[in-house]
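Results of the structural survey
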Amino acid sequence: AEVLSRGGLAPQADREVYFALGEVRLAQARPADAVPWFERAATTHPAWPRPLLKLGLIAANGGDRDAAVTYLRQVVRLAPDSVEARQARAVLDQLR
């Protein structure tokens, strides 16, 4: 992770690796540590809804409704017909 945190990967590989590192942190029940990796994945590829969905779910589970709604709406806006958008809509409905 140290080498990855300093960069050096090809842009296309970056997003997948950063996302995977976020997933590892979630699997370790460390959502706060997952956030920077998902943010990096989202920054590396802004049109990719998967990390935004994860960020929205982490925010929702952490009680940060405003951040959750912001991330989840971005998912729906970016990829309205995607699986991620369907999941985002379901969570948005629960947050109302």
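Higher on the page you've got the structure.
Before going into details, it helps to say that this report is about the structure given with it.

1. Digging into the nonpolar core
Phe-38, Leu-72 and Ala-88 are the most contacted members of the largest nonpolar core, which has 23 residues in total. Those elements that place two or more of their residues in this core are helix H2 (11-27), helix H3 (31-44), helix H4 (49-61), helix H5 (65-78) and helix H6 (83-95). Setting aside chain neighbours within four positions, we find Phe-38 in contact with Phe-19, Gly-22, Glu-23, Leu-26, Pro-51, Lys-54, Leu-55 and Ile-58.

2. A closer look at unusual backbone geometry
For Ala-29, which is not glycine, the phi dihedral falls at a positive 60°. As for its position among the elements, Ala-29 is in the loop between H2 and H3.

3. Focus: the packing of aromatic side chains
The tally for this structure, following the rule as stated, stands at three aromatic pairs. Centre to centre, the rings of Phe-19 and Trp-48 are 5.3 Å apart; their planes meet at 55°, and the pair counts as tilted. Of this pair, Phe-19 sits in helix H2 while Trp-48 sits in the loop between H3 and H4, and the two are 29 residues apart along the sequence. Here the two residues Phe-19 and Trp-48 agree in accessibility, since each one is buried. An aromatic cluster is built from Phe-19, Phe-38 and Trp-48, whose rings are joined through pairwise contacts.

4. Comments concerning the environment of Ala-41
Tracing the chain through its elements places Ala-41 in helix H3. The spacing of Ala-41 and Ala-20 is 21 residues in sequence and 9.2 Å in space, taken between C-alpha atoms. Setting aside anything within four residues of it in sequence, one finds Ala-41 in contact with Arg-15, Tyr-18, Phe-19, Trp-48 and Pro-51.

5. As for H3
Here H3 is 14 residues long and its end C-alpha atoms lie 20 Å apart, about the 20 Å a rise of 1.5 Å per residue gives. Buried within H3 we find Ala-34, Trp-37, Phe-38, Ala-41 and Ala-42. Relative to the axis of H3, the buried residues are bounded by an arc of 140° and lie together on one face. Looking at H3, the residues exposed on the side facing more than 90 degrees away from the buried face are Ala-32 and Thr-43.

Calculation criteria
- As a convention, each chain's residues are numbered from 1 in the sequence order in which they are written.
- In keeping with the predicted nature of the model, local features appear solely for residues at pLDDT of at least 70, side-chain atom pairs appear and are counted solely at 80 or more, and the whole-chain, interface and lining totals rest on all residues.
- Each side-chain value is worked out from all heavy atoms of the structure, with water and hydrogens disregarded.
- Nonpolar core, defined: a set of buried Ala, Val, Leu, Ile, Met, Phe, Trp, Tyr and Cys residues in which side-chain atoms within 4.5 Å join the residues together.
- Throughout, exposure labels follow a simple rule: accessible area from a 1.4 Å probe, protein chains only, divided by the maximum for the residue type, with under 20% read as buried, over 50% as exposed, and the rest as partly exposed.
- Counting from the N terminus, the helices are the DSSP runs of H or I reaching at least four residues and the strands are the DSSP runs of E reaching at least two.
- For this analysis, residues touch if any pair of their heavy atoms sits within 4.5 Å.
- Pairing of aromatic rings covers Phe, Tyr and Trp, the last counted by its six-membered ring, and requires centre-to-centre distances within 6.5 Å; plane angles under 30 degrees mean stacked, over 60 mean edge-to-face, and any other angle means tilted.
- A helix is expected to reach a length of 1.5 Å times the quantity of its residues less one.
- Directions are taken from the helix axis to each C-beta atom, and the arc is the one they span.

Everything listed here is a matter of geometry and, on its own, says nothing about what the molecule does.
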